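Read off the chains here:
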Amino acid sequence: MEIKWDDTDPQTGKRRFVKAERFAGRWTFFCRKERRGVWEKWAEPSREMWEDLLEALERRLSRREAIELGDVEMVKRILAEWRDAPSV
């Protein structure tokens, strides 16, 4: 399963394209800077990316678009366990 959306890169302020794929019970995030660019694997997705993914999953769940409740619960659990990096 894959979910795609676009957002604004906080470092550059430019539009970026984001994709989250679930395969074998794991979510992997990818980004690209241009619409037709190459997808690059995103090692450390931000909390905002997880929240965007959750929102997209919940929208699709209400429309019954091949989303299972377990997918939504998995992302909610990840967000509940989220720990921000300690500030120095």
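Provided above is the structure to which this section pertains.
Note that this is a predicted model, so its numbers are computed, not measured.

Basis of the calculations
Residues numbered from 1 in each chain as written. Predicted model: local features only at pLDDT ≥ 70, side-chain atom pairs only at ≥ 80, totals over all residues. Heavy atoms only, no water. Phe/Tyr/Trp six-rings, centres within 6.5 Å; stacked < 30°, edge-to-face > 60°. Helix = DSSP H or I, 4+ residues; strand = E, 2+ residues; numbered from the N terminus. Buried < 20%, exposed > 50% of the residue type's maximum accessible area, 1.4 Å probe, protein only. Lys NZ or Arg CZ within 6 Å of the ring centre and 35° of its normal.

Draft legend 1. Summary view of the packing of aromatic side chains. Within this structure, the stated rule accounts for 2 aromatic pairs. When the centroid spacing of 4.8 Å and the interplanar angle of 70° are considered together, the rings of F29 and W50 count as edge-to-face. Linking F29 in strand 3 (residues 26–32) with W50 in helix 1 (residues 47–62), this pair joins segments that are 21 residues apart in sequence. Each member of the pair, F29 together with W50, is buried. An aromatic cluster is present here, built from W5, F29 and W50 joined pairwise through their rings. Sitting above the plane of the F30 ring, K19 keeps its charged end 5.2 Å from the centroid. The ring of F17 has R32 sitting right over it, with the charged end atom 6.0 Å from the ring centre.

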